[in-house]
Amino acid sequence: MKQRIGIICVLLMLFGLIGCSINEEKSQLKTAKLGEWLTIDKNMEAKKGSRKIKIQVTKIERNQAAVKKIIDRYNLTTPQKRISLVKESDKVEYCIGFYKAKYPKDFPAKEYGLVHVNVAFSICDNEGNSTIKVDNTRYQALQKTEEVGKLPEGYDFYPGSTYNSMFVFKMVKGFRGYLIKVKDAGGKKKPPKYHYISPINK
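Because the structure is predicted, anything quoted here is derived from the model rather than measured.

Colleague: Honestly, the overall build of the protein in this entry has me stumped. Any pointers?
Modeller: Within the protein, the secondary structure is distributed over two helices and 11 strands. Across the 202 residues that make up the protein, the buried fraction comes to 37%. Counting only carbon and sulfur atoms, one obtains 53% of the accessible surface of the protein, whose full area is about 13000 Å².

Structure representation (structure tokens):
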């Protein structure tokens, strides 16, 4: 009897190890956690080229009442770029990502400061692909995000400051197996580099 129990325990351990290795094979991307600072390349406004800034995604809001309130407020203050709350499927919901972008004091700027301080995020699966598969259904229109923060208008944001903002995106209800993707500012001689952030804070 003890021998059988021992064999069962060994088999359970093996299955557990196999399961872990499969998960690692599915996602071999290096991911940051919520609240973790990342260094990315950002295009400069004052001259050609890019410089490094630090970004941090701090929170993902999926409470639909809170999400609707943020989008409604944005639509009121920015009527020329209204965000429609119409969804293509009842299985999809809107989400809000909160983030910070910290610009160093030596980041080149014009006399009125910096204006294009937002960060372009996109959504992908845990392998970096734009199509997200959930329960044998493929979703191909979830990669887009839209900025819903208040951008500087000139003379109100300078190097050394931190831009606090939000972005909105759509995701399958209850699904957390996606990643937030950021692309470094690249050049003709520079291959594109991507950074990935997990919405699961572990």
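Colleague: What am I meant to see in the packing of aromatic side chains here?
Modeller: Aromatic ring pairs are defined here through the distance separating the ring centres and the angle between the ring planes. According to the stated counting rule, one finds 10 aromatic pairs in the structure shown. Aromatic side chains Tyr99 and Tyr163 sit 6.1 Å apart centroid to centroid with 75° between the ring planes, which places their arrangement in the edge-to-face category. Here Tyr99, found in strand 4 (residues 92–102), pairs with Tyr163, found in strand 9 (residues 162–172); they are 64 residues apart in sequence, far enough to count as distant. For the pair Tyr99 and Tyr163, one class covers both residues: buried. Grouping aromatic residues by their ring pairs yields a cluster made of Tyr99, Tyr103, Phe107, Phe121, Phe157, Tyr163, Phe167, Phe169 and Tyr178. The ring of Phe98 carries Lys59 above its face, with NZ or CZ at 5.3 Å from the centroid. Residue placement shows Lys181 over the ring face of Tyr194; its charged tip is 4.8 Å from the ring centre.

Colleague: How should I be thinking about the pattern of salt bridges in this particular structure?
Modeller: A side chain with one charge can pair with a side chain of the opposite charge if their charged atoms come near. Per the counting criterion, the structure on display carries five salt bridges. Of the charged contacts in the structure, one is a salt bridge between Arg62 and Glu93, with a shortest N-O distance of 2.9 Å. You can see Arg62 sitting in the loop between strand 3 (50–61) and helix 2 (64–77) and its partner Glu93 sitting in strand 4, a full 31 residues away along the chain. Glu93 sits in the buried class, given a relative accessible area of 10%.

Colleague: Help me understand the pairing of strand 3, please; the structure alone is not making it clear to me.
Modeller: Within a regular beta strand, the side chains point alternately toward one face of the sheet and then the other, so they alternate between its two faces. Pairing geometry for strand 2 (residues 38–43) and strand 3, over six bridges, is antiparallel. The residue bridging Asp41 from the neighbouring strand is Lys52, located in strand 3. Between the antiparallel neighbours strand 2 and strand 3 lie six residues, among them Gly49 with a positive phi of about 100°. Both strand 3 and strand 4 contribute to a ladder of seven bridges, which runs antiparallel. Looking across to strand 4, one finds that Lys59 is bridged to Phe98.

Colleague: Before we go on, may I ask you to explain the sheet that holds strand 11 (residues 194–197) in this structure?
Modeller: Note on sheets: strands pair through backbone hydrogen bonds, and any given pair is parallel or antiparallel. Taking strand neighbours across the sheet as the criterion, the four strands line up as 1-11-10-5 in an open arrangement whose pairing is mixed. Two strands lie at the open edges of the sheet, namely strand 1 (31–32) and strand 5 (121–125), each paired on one side alone.

Colleague: I keep staring at the nonpolar core and nothing clicks. Help me out?
Modeller: One broad trend across soluble globular proteins is that nonpolar side chains are buried collectively. Residues Ile55, Phe121, Met171, Tyr178, Ile180 and Ile197 are the most contacted members of the largest nonpolar core, which totals 35 residues. Taken together, the elements giving at least two residues each to this core come down to strand 2, strand 3, strand 4, strand 5, strand 6 (132–134), strand 9 and strand 10 (178–183). If you tally residues by element for this core, the top one is strand 9, at five residues. In contact with Phe121, other than residues within four places in its own chain, are Ile55, Val57, Tyr99, Thr145, Phe167, Ile180, Lys181, Val182 and Ile197. Core analysis: the next-biggest nonpolar cluster, separate from the first, contains 10 residues, Val67, Tyr74, Ile96 and Val148 among them.

Colleague: Help me out: how do you make sense of the sheet that holds strand 2 in this one?
Modeller: Ordered by their spatial adjacency, five strands build an open sheet running 2-3-4-9-8, and the pairing between neighbours is antiparallel. What marks the edges here is a single partner per strand, and that holds for strand 2 and strand 8 (145–147). The mean angle between the axes of side-by-side strands here comes to 40°, regardless of whether they run parallel or antiparallel. Packing of helix 2 onto the sheet brings it into contact with strand 3, strand 4, strand 8 and strand 9, and relative to strand 4 it is tilted by some 65°.

What counts, and where the lines are drawn
- Residues numbered from 1 in each chain as written.
- Predicted model: local features only at pLDDT ≥ 70, side-chain atom pairs only at ≥ 80, totals over all residues.
- Heavy atoms only, no water.
- Helix = DSSP H or I, 4+ residues; strand = E, 2+ residues; numbered from the N terminus.
- Buried < 20%, exposed > 50% of the residue type's maximum accessible area, 1.4 Å probe, protein only.
- Areas by Shrake-Rupley, 256 points an atom, 1.4 Å probe, with all protein chains shown as cover.
- Phe/Tyr/Trp six-rings, centres within 6.5 Å; stacked < 30°, edge-to-face > 60°.
- Lys NZ or Arg CZ within 6 Å of the ring centre and 35° of its normal.
- Salt bridge = Lys/Arg side-chain N within 4 Å of Asp/Glu carboxyl O.
- Pairing = 2+ DSSP bridges.
- Core = buried A, V, L, I, M, F, W, Y, C linked by side-chain atoms within 4.5 Å.
- Contact = heavy atoms within 4.5 Å.
- Axes fitted to C-alpha atoms, helices over the stretch in contact; angles between N-to-C directions.

All we've got here are geometric facts, nothing functional implied.
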